[in-house]
Number of protein chains: 2
Amino acid sequence: MKWNLDCSECDFTSLPRGLDTVCPECGSALLVCYANTPAVELKGARSDCSMWRYPEWLPLEDGEVPISLGEGGTPLLHLETLGGENESLRVYVKDESQNPTGSFKARGLSAAVTRAAHSGAEAFVVPTAGNAGIALSAYGARAGIPVTVFAPETTPVAILAQIRYFGADLKLVNGHIGDCGAAAREESAKNGAFDMSTLKEPYRIEGKKTLGLEVAEQLGWELPDAIIYPTGGGTGLIGMWKCFKELRAAHWLDGALPRMYSVQSEGCAPVVRAYTAGDTEVAPWENPETLAAGLRVPAPFGGKLMLRALRESGGGAVAVSDSQMLEEQRLVAARDGLDLAPEGAATVAALKKLVASESIGAGDTVVLFNTGAGWLYRL
Amino acid sequence: MKWNLDCSECDFTSLPRGLDTVCPECGSALLVCYANTPAVELKGARSDCSMWRYPEWLPLEDGEVPISLGEGGTPLLHLETLGGENESLRVYVKDESQNPTGSFKARGLSAAVTRAAHSGAEAFVVPTAGNAGIALSAYGARAGIPVTVFAPETTPVAILAQIRYFGADLKLVNGHIGDCGAAAREESAKNGAFDMSTLKEPYRIEGKKTLGLEVAEQLGWELPDAIIYPTGGGTGLIGMWKCFKELRAAHWLDGALPRMYSVQSEGCAPVVRAYTAGDTEVAPWENPETLAAGLRVPAPFGGKLMLRALRESGGGAVAVSDSQMLEEQRLVAARDGLDLAPEGAATVAALKKLVASESIGAGDTVVLFNTGAGWLYRL
C-alpha cells in the first residue's frame, strides 16, 4: 500500500480497507498520508493534462486505471482588470468551470469513484447543493455504478436537469443540504449504497487537493501570497492546505504558504461567524438563504478543519451579499469573457473587500477560484 | 516574421499584413506556412495545458501575449463501450466541450482574436450556426473589442442566451448561416467591423489545427488509423489535415496519416453528396434542416479543401439522421457520463455505420470528436 489513512482529529491511523468512510474512533474525517515521499525529480512537465498527471500524490495503485472524464488541467488566467488601480497586485482566476460536468466537483468525485469502484461499491448516494450531484451522476455512469442524489428542491433547474440527464435517481428534499445528508444516510443504511458525502470518505479531498498542485505548477512552483476560495463544505480549501504542507515537506516547495481566505454569502456564513468570534468549531447557521447554491451549507462537516487552515495560514473569512455576486458576475462576463458561478463571483467581491481593508495589497499575487459554470444557475 | 500566408488554391503568397482575410488574387482561403521548421527537440511535455503550449506551430510572435481563456488541453477519453463486440477496435473521444464557452470554437477564435487584436481591429462581426458566436463574444470581451453576431433565429435558446451574456450585439436572421454571412458582410462593409467568418481570415484554422497536435501528443506521437469529424464549415478537419502534413514534414511524425471521415446530417449533407458523386466542389444544399445547428451549413466555404482532405487521406463521408444523433446522445450520457453535442453524437452514429460497412474494423484506433456541450442545445 502506498498510503495510510490518518484521522484529522485523533491518533487513529490505518491502511485503507476499501470503502473507507470516517474515523472509526471519533467520526472525524480521514486524510490520506503517503508512506513514501515522492521524489523531487518527478515534478517535471508531463503530457497528460488531467489531474491524474500527479499519480504520486493521488490514491492510485500501480497499474490501476482511474475513472476519469479528463478532470483537472484547468487554466489559471491572469485577469488584468481585477487588479484595479493597484498595478502591482496580480490577480489570477483558476477557472474550474472547464472541468467535466462544469465544476470543481469533478476532481473529488473522480478520485472518490475511482477508489470506491476498485473497492467493490455497487451503488452510490450523495447529498448535494448541486454540482456534486451532477459530477457523481456522470462518474457513476462512467463506472457503471448506479447513483442516487438528494438535492434541495430550491436547486437551480439546469443543475437538476443535468443530474437527471446522466441517469441518476434524483430525489428532491424540502430543506437544505444538511437535510439531504440525513436522507442520504437513511438511504445508505437501507440499501447499502455507498455515501459520497464531503469528507465522509477520504478521497474526494485528494482529488480537490490537485487544485493546489496545479496552482503551484502553473506559478512555476512558487505559491501565491493569498488564495480566496468560496467555502460551502470547504473540501477544496482544506485539500489545498493539505497539499501545500505535503509539497513543502517533500521539498517541492519552500518559503511561505499562502494566506487562505474563505468567502461565504451573507445569507449563510457560519465559517465567517465562527472565525470572527474566535471559535474553533462552526455552529449551524439558522435559515440559510443564498442564490449561490454551493454556499448554502449551514453546518459544514469540515468546519473545524477550515478554521484551522484559515488561522494557520494567517488568512481570514469574508461574507459578501448575493447582489454583490450578481454584479461581479455580470461585470466579469462582459469585461473578461468568463461565465462565473455565483460562488466564483463571490471571490471577486471578496477581493475588493480585502483590498479595502488592506488585508491584500500592493505586491501581492492572489488566486481566486471560479468553482463552476454560471449557466448552471441561470438557464 | 515567422510565417507566410499561402493561398490554398493559387500561387499567391505574402507576409501577413494584419487583418488578413482571403486570397486577394482568387478569393480562396489563406493558410499559414512557417518560414522555419520548428526543431524536433521542442516537442517535449510542457506545463501549460492550453493550446498555446505549441507556440512554434501557432501564429504568435516572440513576446506577444495571446488573448486566451485557457482553450485547448482537452481530454482524449478511451471509451471502452464504443468498440462494441470488436475488442481490438480502440475508440477515443476528444471532448471539446471542456473548452472555454463549451466548444471547439474557442481554439479558432482565440487564435483569430489574438492576431486581429494585435493588428488593430476595432470591432468584430461573425455569422454563426451557434457556438462560434458564443466564443467570439467571450474572446471579444477578453480583448476589449465589441462584437456583432448574426445567427439564425432557429439557433438553440441556450446558445443565444450565452452570446448575449458575454455582451455581444446579437442579430437574429430568418435563414441559415449563409444568410447570416451575407448580413455580416454587409455590416462589415458599412462600419468596418472585421469579419471573422470561417476561413475568411487565416487564423481560426490555426487554432483548430491544435486539435491535431493534441491528438498526436496524447497518443504518444502516433496518429490514429481513422478520425471521424462532424463537418459544418469544416475548419477542424481541414486544420487537422494541415497539421498532420506539417508534423510529418518536420519529422515530428512518420508513418501513415489517418483516414479522415466527414459526418453530416441527412438534412444537410452537401459534402457527403459531393464526395459520393466524385465532385471536387461542394454544391449548395437546398432547404437545410437539422437539429445539429453546427451542421446546418449548406454551402461551406471550405468545401473543396474538405473533399481534398477526405480523398488524400483515403477516408470518406457519411450522413446520419437526427434521430440517430439523439439516440446516441442519450446512450453515451447514461453509459459513459459525457454530455455530447448532437454533432458529437453524430460521430458515434457514423462509427457504427463505418464499422457495418467495414471501412473501420479490427485493430483500428479511431478518434471521434465531440465538438461541444450537449446542454447548449437542450436547455
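Residues numbered from 1 in each chain as written. Chains lettered and ligands numbered in written order. Predicted model: local features only at pLDDT ≥ 70, side-chain atom pairs only at ≥ 80, totals over all residues. Heavy atoms only, no water.

A. Layout of the pairing of strand S6 (residues 124–127) of chain A. Residues and elements named next belong to chain A. Side chains Phe-124 and Val-126 project from S6 onto one buried face, and the interleaved Val-125 and Pro-127 project onto a second face that is buried too. Pairing of S6 with strand S7 (residues 147–152), which is carried by four bridges, proceeds in the parallel orientation. Bridge pairing in S7 places Pro-127 opposite Phe-150. As paired elements, S6 and strand S9 (residues 194–195) share two bridges and run parallel to each other. When the bridges of S9 are listed, Phe-124 appears paired with Phe-194. (Buried < 20%, exposed > 50% of the residue type's maximum accessible area, 1.4 Å probe, protein only. Helix = DSSP H or I, 4+ residues; strand = E, 2+ residues; numbered from the N terminus. Pairing = 2+ DSSP bridges.)

B. Molecular detail of unusual backbone geometry. Within the chain, Thr-101 of chain A stands out as a residue other than glycine whose phi angle is a positive 65°. The topology assignment puts Thr-101 of chain A in the loop between strand S5 (90–95) and helix H1 (105–118). Residue Asn-287 of chain B is not a glycine yet carries a positive backbone phi of 50°. With respect to the helices and strands, Asn-287 of chain B occurs in the loop between helix H7 (270–277) and helix H8 (303–312).

C. Main features of the sheet that holds strand S4 (residues 76–78) of chain A. Residue and element names in this part refer to chain A. Overall, mixed pairing links the six strands, which are arranged S4-S5-S13-S10-S11-S12 in an open sheet. Of all the strands in the sheet, just S4 and strand S12 (316–320) have a single pairing partner and so form its edges. The average angle at which neighbouring strand axes cross in this sheet is 25°, direction not considered. Note that S5 and strand S13 (residues 365–370) share six bridges and pair parallel. Bridging from a neighbouring strand, Arg-90 pairs with Thr-365 of S13. Relative to S12, helix H10 (residues 342–356) is tilted by about 110°, and along the sheet it contacts S5, strand S10 (226–230), strand S11 (259–265), S12 and S13. (Axes fitted to C-alpha atoms, helices over the stretch in contact; angles between N-to-C directions. Contact = heavy atoms within 4.5 Å.)

D. Spotlight on the side chain of Gln-264 of chain B. Residues and elements named next belong to chain B. Summarising the element assignment, Gln-264 is placed in strand S11 (residues 259–265). By relative accessible area, Gln-264 is classed as buried at 0%. Here Thr-231 takes part through its backbone oxygen, which lies 2.9 Å from a polar atom of the side chain of Gln-264. Discounting chain neighbours no more than four positions away, the residues touching Gln-264 are Thr-231, Ala-269, Pro-270, Val-271, Val-272, Leu-295, Val-318, Ala-319 and Val-320. (Polar contact = N/O pair within 3.5 Å; in protein donor to acceptor, adjacent residues only side chain to side chain.)

E. Summary view of the relation of the copies chain A and chain B. Turning chain A through 180° and shifting it by 0.0 Å along the axis lays it on chain B, with an RMSD of 0.0 Å. Between the two chains, the operation in question is that of a two-fold axis. Both copies share a contact surface, since 100% of the interface residues of chain A are interface residues in chain B too. (Least-squares fit on C-alpha atoms with pLDDT ≥ 70 in both.)

F. Representation of the nonpolar core. Counting residues in each nonpolar core, the largest one holds 236 residues, and the members touching the most others are Phe-124, Met-196 and Ile-228 of chain A together with Phe-124, Met-196 and Ile-228 of chain B. When neighbours within four sequence positions are excluded, Met-196 of chain A is seen to be in contact with Leu-109, Ala-112, Val-113, Ala-116, Phe-124, Val-125, Val-126, Leu-136, Glu-201 and Arg-204 of chain A. (Core = buried A, V, L, I, M, F, W, Y, C linked by side-chain atoms within 4.5 Å.)

G. Main features of the interface of chain A and chain B. The interface of chain A with chain B comprises 37 residues on the first partner and 37 residues on the second. Taking both partners together, chain A and chain B bury about 3100 Å²; carbon and sulfur atoms supply 57% of that area. Considering only the surface of chain A that becomes buried against chain B, Gln-98, Arg-142 and Tyr-165 of chain A emerge as the three largest contributors, covering 22% of it. Joining chain A to chain B, the criterion identifies two salt bridges. Elements represented by at least two residues in the side of chain A that touches chain B include exactly S4, helix H2 (131–143), helix H3 (157–165), helix H9 (322–336) and helix H11 (375–378) of chain A. The biggest single contributor to the side of chain A that touches chain B is H9 of chain A, with six residues. Class assignment for the residues of the side of chain A that touches chain B results in 18 nonpolar, 10 polar and nine charged. (Buried area = accessible area lost by both parts, 1.4 Å probe. Salt bridge = Lys/Arg side-chain N within 4 Å of Asp/Glu carboxyl O. Nonpolar A, V, L, I, M, F, W, Y, C, P; charged D, E, K, R; others polar.)

H. Local environment of the state of the cysteines. Inspection of every chain in the model, using the stated rule, returns one disulfide over all chains. Here Cys-49 of chain A engages in a disulfide with Cys-49 of chain B; their sulfurs sit 2.5 Å apart. Sign of the S-S torsion, about -110° for the bond between Cys-49 of chain A and Cys-49 of chain B, identifies this disulfide as left-handed. One end of the pair, Cys-49 of chain A, is in the loop between strand S3 (30–34) and S4; the other, Cys-49 of chain B, is in the loop between strand S3 (30–34) and strand S4 (76–78), on a second chain. Take Cys-49 of chain B: its relative accessible area is 11%, and that puts it in the buried class. Take Cys-268 of chain B: it sits in no disulfide, and the sulfur closest to it among the cysteines is that of Cys-180 of chain B, at 13 Å. Under the relative-accessibility criterion, Cys-268 of chain B is labelled buried at 0%. (Disulfide = S-S within 2.5 Å.)

I. Focus on the confidence of the model for chain A. Chain-level pLDDT for chain A is 93 on average; 97% of the residues reach the 70-or-more range. Interface predicted TM-score (ipTM) for the complex: 0.92; the corresponding pTM is 0.93. (pLDDT = per-residue confidence, 0-100.)

J. A look at the packing of aromatic side chains. Overall, the coordinates contain 13 aromatic pairs over all chains when judged by the stated rule. Seen in terms of ring centroids, Trp-221 of chain A and Trp-252 of chain A are 5.2 Å apart; in terms of plane orientation they differ by 75°. Their pairing is edge-to-face. Of the two residues, Trp-221 of chain A sits in the loop between helix H5 (204–218) and S10 while Trp-252 of chain A sits in the loop between helix H6 (235–249) and S11, which places them 31 residues apart along the sequence. Here Trp-221 of chain A and Trp-252 of chain A have matching classes, each one buried. With a centroid separation of 6.2 Å and an interplanar angle of 85°, the aromatic rings of Trp-3 of chain B and Tyr-203 of chain B are classed as edge-to-face. Linking Trp-3 of chain B in strand S1 (residues 3–7) with Tyr-203 of chain B in the loop between strand S9 (194–195) and helix H5 (204–218), this pair joins segments that are 200 residues apart in sequence. Taken individually, Trp-3 of chain B and Tyr-203 of chain B each receive the classification buried, so the pair is uniform in this respect. (Phe/Tyr/Trp six-rings, centres within 6.5 Å; stacked < 30°, edge-to-face > 60°.)

K. The arrangement of the packing of H2 of chain A against H3 of chain A in detail. Residue and element names in this part refer to chain A. Packing of H2 against H3 brings their axes to within 8 Å, and their N-to-C directions diverge by 15°. Taken together, the axis directions place H2 and H3 in an arrangement best described as roughly parallel. Between H2 and H3 the crossing geometry is left-handed. On H3, the residues that touch Asn-131, Gly-133, Ile-134 and Ser-137 of H2 are Ile-159, Gln-162 and Ile-163. Split by residue class, the contact of H2 with H3 holds three nonpolar, four polar and no charged. (Parallel < 35°, antiparallel > 145°, perpendicular 65-115°, else oblique. Left-handed = near helix turned anticlockwise from the far one by under 90°.)

L. Up close: helix H6 (residues 235–249) of chain B. All names here are of chain B. With 15 residues, H6 should cover 21 Å at 1.5 Å per step; its first-to-last C-alpha distance of 21 Å lies within 8% of that length. Burial analysis of H6 places 12 of its 15 residues in the buried class, the great majority of the element. All of the buried residues along H6 are Thr-235, Gly-236, Leu-237, Ile-238, Gly-239, Met-240, Trp-241, Lys-242, Cys-243, Phe-244, Glu-246 and Leu-247. The secondary structure elements touched by the buried residues of H6 are S3, H5, strand S10 (226–230), S11, H8 and strand S13 (365–370). (Expected span 1.5 Å × (residues − 1).)

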